[in-house]
Structure formats: structure tokens, C-alpha cells
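# Understanding the architecture of this molecule
If you want the building blocks of each chain, they are given just below.
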Amino acid sequence: VKISGNEELTFEDKWFPKEGRDWCPRLTAGIYAVSKALGVRKTVLPNNCCPSVVYGLLLANVEPVFCEIDISNGGLDSESLSSLMEKHQIDMVIMVHLYGLYQNREMIHEICKKHNSFLFEDGGLWFPPVTHYSPLVNSCLGFSFGKKKVFDFGRGGLLLFQDQLLSNKVTKILKKLP
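One structure accompanies this document, and this report is about it. (Residues numbered from 1 in each chain as written. Predicted model: local features only at pLDDT ≥ 70, side-chain atom pairs only at ≥ 80, totals over all residues. Heavy atoms only, no water.)

### Considerations on the pattern of salt bridges
Basically, it comes down to this: For this analysis, a salt bridge means a side-chain nitrogen from Lys or Arg found within 4 Å of a carboxyl oxygen belonging to Asp or Glu. Every helix listed is a DSSP run of H or I at least four residues long, and every strand listed is a run of E at least two residues long, numbered separately from the N terminus. Any residue under 20% of the maximum accessible area for its type is buried, any over 50% is exposed, and the rest in between are partly exposed; the area is computed with a 1.4 Å probe on protein chains only.
Tallying each qualifying case throughout the model produces five salt bridges. The shortest N-O distance in the salt bridge between Asp91 and Arg41 comes to 3.4 Å. In this pair, Asp91 is assigned in the loop between α4 (78–87) and β4 (92–96) and Arg41 in the loop between α2 (27–38) and β2 (42–46), connecting sequence segments 50 residues apart. Overall, the relative accessible area of 17% leaves Asp91 in the buried class.

See below:
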């Protein structure tokens, strides 16, 4: 992609900030690594997400807590999420943008902040509406480039963080994976 004359940017440079950007073998590995880095014990996720999301949690010994969905976008239902957060000690919430539909992340992020939970925004089946779409505070943003994804590069994932220390911890965990 050429931008402003002779400057050439790669795909990832055009769409994502350089700081806090970590490549992973696949997004499942990214979910595993983030869970391990944060010491996550319980995670809320939508009851209709890809099984690979659940695999990443189970491999990290995290208990999945399934949440009802908002039928308008296939993502987490905010009332159901709030109820689960009151009943359980939740360390992380995985918000999935399903079927190419955007879910309003601000409302889910506010619920996470109220309960001191980390937000993992999964964009495996979606792509951001603007360039340089960034993760919110106390969250990360994950993309998958596997088969049949929006951008099918055959494999790989990308994690974006605002917190550089967390990004470094996740990178160390990812480097130890086979």
C-alpha cells in the first residue's frame, strides 16, 4: 500500500498501531497467552462463538462462562453479561464481533471496568471500520487471518495492546509455544 508519495506501508502498518502489536501463530494461541499472562481463572464469552476461542481458554486452564447473545449482532448481551458479572468473579470477558457485524464495545468495556475485568475484543470474523482502530484501556484486540476469515492469509493472528508491559509478557509466552 503506497501512502503519501514514496512511503510504502505494509498491511499491518496501515491498519494497526506499531506499539503493542504482537503476531501469534493463530488467535487461539493469543487467547491462551493473554489468559496466562493475566492469570485468568474465569472468562465470559458468547454462547455462539467459534470453538477455537474455547480451546484457547481450556488450554490455559480457564473456566469458560457462557453468556446469552444480543440477537441484533450475535455479540454479548449486556444485561446477561452484567448478571453473570454479579454472580461470578470474572477475570476476562471475550467480546466477539461475529458474522462481520460490529458490536458496540464501549458498553461492554464499561461493564468490564465496573467489575475490574480485562476485555479481549475478538475480531476474527470482522474487520475494523477505520484504520488505526485501537484497543481500549485494560483490553486487547485480536484478529485472525486463518482460512475463511475476512483476510484469509491461511494462518496467523495479531494482538494489539495499549499496555506495553502486558504485550511484552504475552510475547514471551508466545515465543515458548511449539
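Resuming the write-up.
### A word on the packing of α2 against helix α3 (residues 51–59)
Relative orientation and spacing of two packed helices are given, respectively, by the angle between their axes and the distance between those axes. Formally: Geometry is summarised by axes, namely lines fitted to C-alpha atoms with helices restricted to the contacting stretch, and by angles between N-to-C directions that run from 0 to 180 degrees. Two helices cross in a left-handed way if the nearer one is turned anticlockwise from the farther one by less than a right angle. They cross in a right-handed way if the turn is clockwise. Any two residues whose heavy atoms approach within 4.5 Å at even a single point are treated as in contact. Residues are grouped as follows: Ala, Val, Leu, Ile, Met, Phe, Trp, Tyr, Cys and Pro are nonpolar; Asp, Glu, Lys and Arg are charged; all remaining types, including Gly, are polar.
At a minimum axis separation of 8 Å, α2 and α3 run at an interaxial angle of 35°. The crossing of α2 and α3 is right-handed. Residue-level contacts link Thr28, Ile31, Tyr32 and Ser35 of α2 to Ser52, Val53, Tyr55, Gly56, Leu57 and Leu59 of α3. Class assignment for the residues of the contact of α2 with α3 results in six nonpolar, four polar and no charged.

### Overview of α2
The condition that has to hold: Residue count minus one, scaled by 1.5 Å, sets the expected span of a helix.
Under the 1.5 Å per step criterion, the end-to-end length of α2 is 16 Å for 12 residues, consistent within 8% with the ideal 16 Å. Turning to α2, its buried residues number three or more, namely Leu27, Thr28, Ala29, Gly30, Ile31, Ala33, Val34, Ser35 and Ala37. Just downstream of α2 lies Gly39, where phi reads positive at about 70°.

### A closer look at unusual backbone geometry
A positive phi angle, close to 60°, is found at Asn61, a residue other than glycine. As for its position among the elements, Asn61 is in the loop between α3 and β3 (63–67). A positive phi is found at Asn116, a non-glycine position, where the angle reads about 55°. Counting through the fold element by element, Asn116 comes out in the loop between α5 (105–114) and β5 (118–122).

### Concerning the side chain of His115
Stated precisely, the cut-off is as follows: What qualifies as a polar contact is a pair of N or O atoms within 3.5 Å, subject to a donor-acceptor requirement within protein and to the restriction that residues adjacent in sequence count only when both atoms come from side chains.
As for its position among the elements, His115 is in the loop between α5 and β5. Within the structure, the side chain of His115 is placed 3.5 Å from the side chain of Glu86, a separation counted as a polar contact. Residues within four places of His115 in sequence aside, it is in contact with Met85, Glu86 and Ile90.

### A look at the nonpolar core
Note the threshold: Buried residues of nine kinds, namely Ala, Val, Leu, Ile, Met, Phe, Trp, Tyr and Cys, make up a nonpolar core once their side-chain atoms join them within 4.5 Å.
Core analysis: the largest hydrophobic core is formed by 27 residues, its most contacted members being Val34, Met92, Ile94, Phe120, Leu159 and Val170. At the level of elements, α2, α3, β4, β5, β7 (157–161) and α6 (164–176) are the ones that each hand at least two residues to this core. Looking at this core element by element, the count peaks at six residues for α2. Ignoring anything within four residues of it in the chain, the contact list for Phe120 reads Leu27, Gly30, Ile31, Val34, Met92, Val93, Ile94, Met95, Cys140, Gly142 and Leu159. One finds Val44, Val65, Met85 and Leu119 within the second-largest nonpolar core, a separate group that totals 14 residues.

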